[in-house]
Amino acid sequence: MSMLSRRSALALTAAAFAAPRAYGEAPAMLITGGAIYAGGGDPRAVEAVVVRGDRIAFVGALAAARAFAPGAKVVDLGGATAFPGFVDCHAHLTEIGLREMRLDLTGTASVAELQARLKAWAADHPSGAIVGGGWIETHWPEHRFPTRADIDPIVSDRPVYLQRADGHALVANGRALALSGITGSTVVPAGGQILLDVKGEPTGLLVDNAMALVNAHRPPPTTAERREAMIRAGKLYASRGWTGVHSMSVAQGDLDIVRGLAAASDFALRLDNYMDVGETAEVFRTGPSVDATGRIRLRGIKLYADGALGSRGAALLAPYSDRPGWTGSIVTPKDAMIGYMRQAKAAECQVAVHAIGDLGNRNALDAMTEVLGRSRTDRRWRIEHAQIISPSDMPRFAAMGVTASMQPSHAIGDLYFAPARLGEDRLKGAYAWKTLLRGGALVCGGSDAPVEKGDPRIEYYAAAYRHALDGFAGPDWGLDEALSRADALRLFTSSAARAVGRDAELGTLAVGKKADLTVFSKDFTKIQPAEMLGAKAVLTMVDGKVIYEG
């Protein structure tokens, strides 16, 4: 550990055990009865935490806690384990809720199963367009994308739109293509793909920017549906142990909805919002802001440098190993990214850039360099995913102060097919959490739900163990990039707070900080990796209030 790291660890430890504070006349809550990890630089568990109002007033020994807060309401953990509140550093909150309301194809094992699920849904919902998603074809016995030829025999009289799990491709049936006017001669939008069959006709599979051709004709969810989706997502995430979310690609209407829900006490999570590139008017006008509850924050904007690896949209410096001559999609040209970034810099707001391929990451870093310079800044601009990085670009994250916002579950899903897409050499810079951390970069952890499930147990397991959920790991899965238990915890706690500039009040259980806690039935720091997946969230607390108990 460097001298700077040592000093940081000591400072965090000292802060956690700082002098207790009274915080007025707010009733005290004493949490004890299980291991409590304050986080930060001290790996030891403490016996008790006292909460007054929305703040942590005491951290330490049980006897001292009782003396500090006589008569406090006792919350007995019953042998469960408490951590600083877990935060999903990359998710799409409205879409998480909509997933619960639409045809969910998550876990579909084949084209035949997709057809069966579609048939059952169509029977239960006999009118209107069918919108769904969650399919991933990489494990299917058919070894191909689904097509309109698979869907039309099931539903042909109304449009069907089925999005791939990564959100970067969708398959539409013939009716949807006809409504959108898509034919074999349709001009392909820059940064997109329209896949054609051997006769030159569209297969129904559209990638990245080409999806806009059908999305323009797809019925959008109503305001009432989006409101319901936000409520469902908030309750679901609280039940899984998340206390906060960094919400990406947010629409202004959804931001307005969640502000209203929070004001009416119908939404309890802490939410940091990064606006979609077409929804930047408010944030460019006002800069970052926070609502009256203190929980709903407007942080910045979200850009897309490239597509996704699974649909071969990730932009690569050299062609795909399994598709010679193809290097992926540039979704937003570098000059356009620079333009948005200049506006963001002027508004003092954060920039988050989706970048998966090594070319996508280089373009994002180059654009940031053009706007911010090569020196390290404290603006905490971010690259989302940072999945495949050229070795020469790896040190630039730390050198410039760029956060790598990564999703551990992507690795344990993608590494089934990534070797074929990338080849052996490029795998060395793929999903390289530990390499980035060792190089001094800030790495925070998320899920990218609804692309993934959005489960903190899975994300922690993937970060610390880097095996598939069934325990499998291939010889080229880069197990040396797995993190220590302490580093894995920091991805979702202290590093999550730093990534949004809230490390002074969130991320560790320290006196004076906000009382956000996540309690699981098992101690992630000690149990076997497989046991993590069987743990249960038993209590979730935000601002000193229990928002879930199970």
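Calculation rules
- Residues numbered from 1 in each chain as written.
- Predicted model: local features only at pLDDT ≥ 70, side-chain atom pairs only at ≥ 80, totals over all residues.
- Heavy atoms only, no water.
- Helix = DSSP H or I, 4+ residues; strand = E, 2+ residues; numbered from the N terminus.
- Rg over C-alpha atoms; globule rule 2.2 N^0.38 Å.
- Buried < 20%, exposed > 50% of the residue type's maximum accessible area, 1.4 Å probe, protein only.
- Contact = heavy atoms within 4.5 Å.
- Areas by Shrake-Rupley, 256 points an atom, 1.4 Å probe, with all protein chains shown as cover.
- Lys, Arg positive; Asp, Glu negative; His and termini not counted.
- Charge placed at Lys NZ, Arg CZ, Asp CG, Glu CD.
- Salt bridge = Lys/Arg side-chain N within 4 Å of Asp/Glu carboxyl O.
- Pairing = 2+ DSSP bridges.
- Polar contact = N/O pair within 3.5 Å; in protein donor to acceptor, adjacent residues only side chain to side chain.
- Core = buried A, V, L, I, M, F, W, Y, C linked by side-chain atoms within 4.5 Å.
- Disulfide = S-S within 2.5 Å.
- Axes fitted to C-alpha atoms, helices over the stretch in contact; angles between N-to-C directions.
- Parallel < 35°, antiparallel > 145°, perpendicular 65-115°, else oblique.
- Left-handed = near helix turned anticlockwise from the far one by under 90°.
- Nonpolar A, V, L, I, M, F, W, Y, C, P; charged D, E, K, R; others polar.
- Expected span 1.5 Å × (residues − 1).
- Phe/Tyr/Trp six-rings, centres within 6.5 Å; stacked < 30°, edge-to-face > 60°.
- Lys NZ or Arg CZ within 6 Å of the ring centre and 35° of its normal.

To continue, consider the overall build of the protein chain. A count of helices and strands for the protein chain gives 21 helices and 23 strands. Here the C-alpha radius of gyration of the protein chain, 23 Å, is about what a compact globule of 550 residues would show, namely 24 Å. Counting the 550 residues in the protein chain, one finds 57% classified as buried. Intrachain contacts of the protein chain at a sequence separation of at least 6 include 72% that bridge at least 24 residues. Accessible surface, the protein chain: about 21,300 Å² in total, of which carbon and sulfur atoms supply 54%. Put simply, the protein chain has 61 plus and 59 minus side-chain charges, and the middle of one group is 4 Å from the middle of the other.

Looking now at helix H18 (residues 456–465). Across the 10 residues that make up H18, a large majority, eight, are buried. Within H18, burial applies to Pro-456, Ile-458, Glu-459, Tyr-460, Tyr-461, Ala-462, Ala-463 and Ala-464. Just downstream of H18, Arg-466 is the residue with a positive phi angle, here 60°.

Attention now moves to the pattern of salt bridges. Under the criterion given, the structure shown has 33 salt bridges. Across the salt bridge formed by Arg-148 and Asp-152, the nearest N and O atoms sit 3.8 Å from each other. Overall, Arg-148 belongs to the partly exposed group, its relative accessible area being 27%. A relative accessible area of 24% means that Asp-152 is categorised as partly exposed. For Lys-428, the salt bridge goes to Asp-425, with nearest N and O atoms at 3.9 Å.

A large share of strand S16 (residues 296–304) lies buried, amounting to eight of its nine residues. Strand direction decides the pairing type here: strand S14 (residues 270–276) and S16, joined by six bridges, are parallel. Looking at S16, one finds that Leu-271 is bridged to Ile-296. One ladder, built from two bridges, connects strand S15 (residues 289–290) with S16; its direction is antiparallel. Bridge pairing links Ser-289 to Leu-298 in S16. Here S15 folds back onto S16 in antiparallel fashion, the turn holding five residues, of which Gly-294 has a positive phi close to 80°. Pairing of S16 with strand S17 (residues 350–355) involves five bridges; the strand directions are parallel. Residue Gly-300 lies in a different strand from S17, and its bridge partner there is Gln-350.

It is worth spelling out the side chain of Gln-350 at this point. Secondary-structure assignment places Gln-350 in strand S17. A polar atom in the side chain of Gln-350 sits 2.6 Å from the side chain of Tyr-274. Not counting the four nearest positions on each side in its chain, Gln-350 is found in contact with Tyr-274, Arg-299, Gly-300, Ile-301, Arg-379, Arg-380, Trp-381, Arg-382, Ala-499 and Val-500.

Grouped together as the largest cluster of nonpolar side chains are 98 residues, with contacts concentrated most on Leu-309, Met-341 and Phe-397. When neighbours within four sequence positions are excluded, Leu-309 is seen to be in contact with Ala-314, Tyr-320, Ile-356, Ile-388, Phe-417, Ala-418, Arg-421, Leu-422 and Tyr-431. Within the second largest apolar cluster, 20 residues are counted, among which are Ile-31, Ile-36, Val-46 and Val-59.

Taken as a whole, this structure holds zero disulfides when the rule is applied. Between Cys-349, a cysteine without a disulfide, and Cys-444, which holds the nearest cysteine sulfur, the sulfur-to-sulfur distance is 17 Å. Summary of cysteine pairing: Cys-444 is not part of a disulfide, and the nearest cysteine sulfur, belonging to Cys-89, is at 3.7 Å.

In this section: the sheet that holds strand S12 (residues 202–208). With mixed pairing, the six strands of this open sheet are ordered in space as S7-S8-S9-S10-S12-S11. Bordering the open sheet on either side are strand S7 (103–104) and strand S11 (192–196), each of which pairs with just one other strand.

On to the packing of H18 against helix H19 (residues 485–492), then. Two elements in contact, H18 and H19, have axes whose closest approach is 9 Å; the angle formed by their N-to-C orientations is 140°. Of the possible angle classes, the one that applies to H18 and H19 is oblique. Considering only the axes of H18 and H19, their crossing is right-handed. Across from Glu-459, Tyr-460, Ala-463 and Ala-464 in H18, the residues of H19 making contact are Arg-485, Ala-488, Leu-489, Leu-491 and Phe-492. Across the contact of H18 with H19, the residue classes tally to seven nonpolar, no polar and two charged.

Moving on, we get to the environment of Gly-39. Locating Gly-39 in the fold gives a position in the loop between strand S1 (28–37) and strand S2 (45–52). Between the C-alpha atoms of Gly-39 and Asp-88, which are 49 residues apart in sequence, the distance is 17 Å. With residues up to four places along the chain from it excluded, the contact list for Gly-39 reads Pro-84 and Thr-508.

This part covers helix H12 (residues 358–372). Think of an α-helix as 3.6 residues a turn; residues three or four steps apart then line up on the same face. The end-to-end C-alpha distance of H12, which contains 15 residues, comes to 21 Å, matching closely the 21 Å that a straight helix rising 1.5 Å per residue would cover. With respect to burial, H12 is a largely interior element, 11 of its 15 residues being buried. Within H12 the residues assigned to the buried category are Asp-358, Gly-360, Asn-361, Asn-363, Ala-364, Leu-365, Ala-367, Met-368, Thr-369, Val-371 and Leu-372. Elements that come into contact with the buried residues of H12 comprise helix H11 (334–346), S17, strand S18 (382–385), helix H13 (394–400) and helix H16 (424–427). Backbone geometry just downstream of H12 places Gly-373 in the positive-phi region, at approximately 90°.

A word on the packing of aromatic side chains. Evaluated as defined, the whole model comprises 17 aromatic pairs. Residues Phe-83 and Phe-86 carry aromatic rings whose centres are separated by 5.9 Å and whose planes lie at 70° to one another, so their mutual orientation is edge-to-face. This pair shows no difference in class: Phe-83 is buried, exactly as Phe-86 is. A ring pair is formed by Tyr-460 and Phe-524, whose centres lie 5.1 Å apart and whose planes are at 35°; its orientation type is tilted. One end of the pair, Tyr-460, is in helix H18; the other, Phe-524, is in the loop between strand S21 (517–520) and helix H21 (529–532), and 64 residues separate them in sequence. Both residues of the pair, Tyr-460 and Phe-524, count as buried. Three or more aromatic residues link up through ring pairs in this structure, and these residues are Tyr-37, Phe-83, Phe-86, Tyr-237, Trp-242, Tyr-460, Phe-492, Phe-520 and Phe-524. A cation over a ring is seen here: Arg-323 above Trp-326, with NZ or CZ 4.4 Å from the ring centre. Here Arg-466 stacks its cationic end above the ring of Trp-433, 4.6 Å away from the centre of that ring.

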